[in-house]
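Residue-level listing of the chains:
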Amino acid sequence: MPLINVLDKLPYDVKPDGTGRSPFRDMTGVDVYSNVDFSELLRSCVANKRVTALFDREYEYRGSEARRKLKARAKELAEEITKGFNSYIISPTFSTAKMISNFVYNGLFVEEDQLAQLCELAEMAAREGKSLIFLPSHKSHIDYMAVHFLLLRLNLSLPSVAAGNNLDIPFIGGLLKRSGAFFIRRTFGGPEKAIYGAVIASYIEELLRRGINLEFFPEGGRSRTGKLLMPKTGLLSMAVDAVLAGGVEDAFIVPVSIQYDRIMEGEDYTKELLGGNKQKESVTGLFNQMGSLAQKGKVLGNVQIRIAKGFSMREYIKEHALKKGSYWDPVANASQRLVLLKSLAYRVMDDINGVATITPTSLLGTVLLTSRGRGLGRHELLKQVDWLREEVIANGGNVSWPKTPTADVVDGSLKILGDLVMTHSLLEPVYSVHNHLELAFYRNMLVHVFSEKAIIAASLHSFMRHEPDRKFVTRKELLARSGILSRFMRKEFVFSGTSGRIRKQPGSAHEVIPGETPLETNFRLAADSLVHSGALQLHPDDPTKILLFSTDPELWSTTFTFLCMLVWPIIESYWVCLVGMQAVFTCRDGAKHAQSLIVEDKFVEQLQTFALNIFHLGDLNFYESISKEPIKYVSARVSFVSESRGLVHLILSDLALPWFPKESEIQKFPPPTRTGLRVLFFRTYPPP
């Protein structure tokens, strides 16, 4: 598919006569530069019924003076949000941003047919006076500019962009506000929770009511791991509420994937994942980072933007209601509204994964990290990269691949990855991983393509390891164990849904089985595809049974090992948390159970120290498993950990558990703890 660099020929670069800058004109959508009075819009926020309802309640409980103070505070909060759009600010701001982007990256590329599709949707939305809500993935600060550059190239109305107030720094914050950004707090808690949330919600409603485009990141913050984060539904719920309540007729949702050959924040992310504190944004920090990149030259490759097909929020709500039946009323029923909201959020994330393109650096990093050896020779590396590229395509993924020989693409990727990969000049060049954590970021950019199959492979491996004499398993047994592991990893992956990635795979049977959940369907289709490819083989006399060996050892070894190596580092994180909890805390006075309280950050720090210790002792297989992020996820999710006022509360058993407990031993524990212990079945041991 033809690609277009959206940084080429932006409309503000030249006048029609070829000189100077020209003002924005003839754009598709609302003219946010001259036809929107943002002062009036902010006044409308304060007059919005969701805000005035709080004024009335304050008057009822505390009197007129309290009401006056709350109203004054609401005006202050509204004025803090944004300064609107100023074309005289946007032109130099984005010219500077373009210069920086061109200096660091070769270009921001998007498929030509997706641009045409977006233009068609934007024209329809403009005719109907409706907004486009852009929902991009979030891995880098460059993401803020990427969608803007895209829309500038098409001369579409720029969106009002939600940004964390950590970016509201001197000088930069002012420029961003006058370029349409509005800053929001990271959390809506505290004494102003109600009024602050109401002001932000009313601002979003007023934007959508006027047909002004909107942009925010459904993940909330930047992903430090390369995978999509689970969606945060705060701002999305405000947009949905505006449509459900009738204040806004409709809006069109446009999911966007933004992938990188290499991100500029990689070094900072690695420090954070090793336990370091997040660096506070500052002008000095920005220029230091740019200066560091300037010394290296243009080394970060390309940015790949992919736009999913936009859809009507109103139509999605109607379709959801038809599936649920006549009892469905998300306006009156809060729990049903939450179900709708989560369904919509995961639909967006699935659409992002559905169009995401896999970069050459992602392929290269994945091949190196999933190799069982210490490194790969050049011939084997090129062979494995080609194999993985074909596997991604066969599994419904998208690959960004230049029309050049594999050797040239790999050499270019090695240059971009720089010191993340070591090159050893021996009989032939041998390549090995130098920075596991940062390289894992690029592996994680493609793991969603194989998530279901990887879980099946790890589940099959658990049968082989614990029951070495067994020759086959039934489909029912395999899918049941895969279900256990998938429930553990439900916060790790956005499993395939509406994008239909699994349904595109060869060998997937598309029949609908009554009573089967979408997740069960995913795993059934993934297993069918593995059988079709020959990676799994059915029993010759009973197609309901799957053999625990293959008549094609090379295919079995290549596919099976690769898939397991994608999820084993995550399983190791789970394992190190479970074992670490017993190592970090000890029971006292011979009590059967002990309770301990510890600040969460300190607890995660101790688990990381424990993980690093056993890694160097050789008992932990993957260096990525000491990463702070998965340990935080796991420690917050294992069944006997709960959070209360910033503390982690643990109930620990003094029973010495075997590392690989049998199901009969697991049954001795209370139901919540049983699930936590089953993860030990899936761990690879000894180290690969």
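These numbers were taken from a predicted model, which means no experiment stands behind them. (Residues numbered from 1 in each chain as written. Predicted model: local features only at pLDDT ≥ 70, side-chain atom pairs only at ≥ 80, totals over all residues. Heavy atoms only, no water.)

Quick look at the overall build of the protein now. Looking only at helices and strands, the protein features 25 helices and 20 strands. In the protein, the proportion of contacts linking residues at least 24 apart, taken out of those at least 6 apart, comes to 76%. Element-wise, carbon and sulfur atoms account for 54% of the exposed surface of the protein, whose accessible area totals about 30,500 Å². (Helix = DSSP H or I, 4+ residues; strand = E, 2+ residues; numbered from the N terminus. Contact = heavy atoms within 4.5 Å. Areas by Shrake-Rupley, 256 points an atom, 1.4 Å probe, with all protein chains shown as cover.)

Moving on, we get to the packing of helix H15 (residues 378-394) against helix H16 (residues 406-417). With their axes 10 Å apart at the nearest point, H15 and H16 run at an angle of 100° to one another. One way to sum up the angle between H15 and H16 is to call them roughly perpendicular. Contacts between H15 and H16 involve Arg378, Leu381, Leu382, Val385, Asp386 and Arg389 from the first element and Thr406, Ala407, Val410 and Asp411 from the second. Looking at the contact of H15 with H16 residue by residue, the class counts come to five nonpolar, one polar and four charged. (Axes fitted to C-alpha atoms, helices over the stretch in contact; angles between N-to-C directions. Parallel < 35°, antiparallel > 145°, perpendicular 65-115°, else oblique. Nonpolar A, V, L, I, M, F, W, Y, C, P; charged D, E, K, R; others polar.)

Moving on: the sheet that holds strand S15 (residues 472-474). Spatially, S15-S17-S16 is the arrangement adopted by the three strands of the open sheet, whose pairing is antiparallel. Looking at the sheet topology across the chains shown, the edges are occupied by S15 and strand S16 (538-539). Summarising the sheet, S16 and strand S17 (residues 542-547) pair through two bridges and their orientation is antiparallel. Counted as the bridge partner of leucine 538 is isoleucine 546 from S17. The sheet strands contacting helix H19 (residues 475-488) are S15, S16 and S17, and the helix crosses S15 at an angle near 80°. (Pairing = 2+ DSSP bridges.)

Before going further, it helps to examine the side chain of serine 223. With respect to the helices and strands, serine 223 occurs in the loop between strand S6 (214-215) and helix H9 (234-244). Within the structure, serine 223 has its side chain in polar contact with the backbone nitrogen of threonine 225 (distance 3.3 Å). A polar side-chain atom of serine 223 sits 3.1 Å from the main-chain amide nitrogen of glycine 226. Among residues more than four places away in sequence, those in contact with serine 223 are His138, Lys139, Leu229, Tyr269 and Phe441. (Polar contact = N/O pair within 3.5 Å; in protein donor to acceptor, adjacent residues only side chain to side chain.)

Note: strands within a sheet are paired through backbone hydrogen bonds, in either parallel or antiparallel orientation. Read from one edge to the other, the open sheet built from three strands follows the order S11-S14-S13, with strand pairing classed as antiparallel. Single-partner strands in this sheet number two, and they are strand S11 (376-377) and strand S13 (421-425). Packing against the sheet, helix H14 (residues 360-369) makes contact with S11, S13 and strand S14 (429-433), and its axis sits at approximately 85° to S14.

Two side chains carrying opposite charge are able to pair once their charged atoms lie near each other. Enumeration according to the criterion identifies 32 salt bridges in this entry. Salt-bridge contacts for glutamate 272 lead to arginine 224; the nearest nitrogen and oxygen are separated by 3.0 Å. Here glutamate 272, found in helix H10 (residues 266-273), pairs with arginine 224, found in the loop between S6 and H9; they are 48 residues apart in sequence, far enough to count as distant. No difference in accessibility class separates glutamate 272 from arginine 224, as the two residues are buried. Its salt-bridge partner being glutamate 390, residue arginine 389 comes within 3.7 Å of it at the nearest N-O pair. Using a relative accessible area of 43% as the deciding quantity, one classes glutamate 390 as partly exposed. (Salt bridge = Lys/Arg side-chain N within 4 Å of Asp/Glu carboxyl O. Buried < 20%, exposed > 50% of the residue type's maximum accessible area, 1.4 Å probe, protein only.)

Attention shifts here to the pairing of strand S4 (residues 160-164). Buried residues dominate S4, accounting for five of its five residues. Alternating positions in S4 separate into two faces, Ser160, Ala162 and Gly164 on one and Val161 and Ala163 on the other, with burial throughout. When S4 meets S6, the two strands line up parallel, connected through two bridges. Bridge pairing links valine 161 to glutamate 215 in S6.

Our focus in this paragraph is helix H18 (residues 451-466). The terminal C-alpha atoms of H18 lie 23 Å apart, and with 16 residues this matches the ideal 22 Å at 1.5 Å per residue to within 8%. Taking burial as the measure, the 16 residues of H18 include 14 buried ones, the bulk of the element. (Expected span 1.5 Å × (residues − 1).)

A cluster of basic side chains, namely Lys342, Arg487, Arg490 and Lys491, defines a positive patch on the protein surface. Looking at the element boundaries, lysine 342 is found in helix H13 (residues 334-355). (Patch = residues over 30% accessible without salt bridge, like charges linked within 9 Å, V, L, I, M, F, W, Y side chains within 5 Å. Lys, Arg positive; Asp, Glu negative; His and termini not counted. Charge placed at Lys NZ, Arg CZ, Asp CG, Glu CD.)

Within this structure, the stated rule accounts for twelve aromatic pairs. Arranged with centres 5.0 Å apart and planes meeting at 65°, the rings of phenylalanine 182 and tyrosine 203 form a pair that is edge-to-face. Separated by 21 residues along the polypeptide, phenylalanine 182 in strand S5 (residues 181-184) and tyrosine 203 in helix H8 (residues 193-209) bring together distant segments of the chain. The class for tyrosine 203 is buried, based on a relative accessible area of 0%. In textbook terms, an aromatic cluster arises when at least three aromatic residues are bridged by ring pairs, as seen for Tyr269, Phe441 and Tyr442. For the cation-ring pair, lysine 227 lies above phenylalanine 493, with the distance from its terminal atom to the ring centre recorded as 5.5 Å. (Phe/Tyr/Trp six-rings, centres within 6.5 Å; stacked < 30°, edge-to-face > 60°. Lys NZ or Arg CZ within 6 Å of the ring centre and 35° of its normal.)

As paired strands, S15 and S17 are joined by three bridges and run antiparallel to one another. Of the residues in S17, the one forming a bridge with valine 473 is isoleucine 546. Taking the residues between adjacent antiparallel strands as the criterion, S16 and S17 are bridged by two residues.

Looking now at the environment of glutamine 336. Following the sequence through the fold, glutamine 336 ends up in helix H13. Given a relative accessible area of 10%, glutamine 336 falls into the buried group. Counting along the chain gives twelve residues from glutamine 336 to lysine 324, while the straight-line C-alpha distance between them is 9.8 Å. In this view, glutamine 336 contacts Tyr327, Trp328, Asp329 and Pro330; residues no more than four positions away in its chain are not counted.

Helix-helix packing is described using two parameters, namely the angle between the two axes and the distance between the axes. It is the contact of H18 with helix H20 (residues 518-533), at a shortest axis distance of 9 Å, that shows an interaxial angle of 75°. Between H18 and H20, the interaxial angle falls into the category roughly perpendicular. Two secondary-structure elements touch here, H18 through Glu452, Lys453, Ile455 and Ile456 and H20 through Asn522, Phe523, Ala526, Ala527, Ser529 and Leu530. Here the residues of the contact of H18 with H20 sort into six nonpolar, two polar and two charged.

Time to look at helix H17 (residues 436-443). With seven of eight residues buried, H17 is to be regarded as a mostly interior element. Along H17, the residues that are buried comprise Leu437, Glu438, Leu439, Ala440, Phe441, Tyr442 and Arg443. N-capping of H17 is provided by asparagine 435, with a side-chain oxygen placed 3.4 Å from the backbone N of leucine 437.

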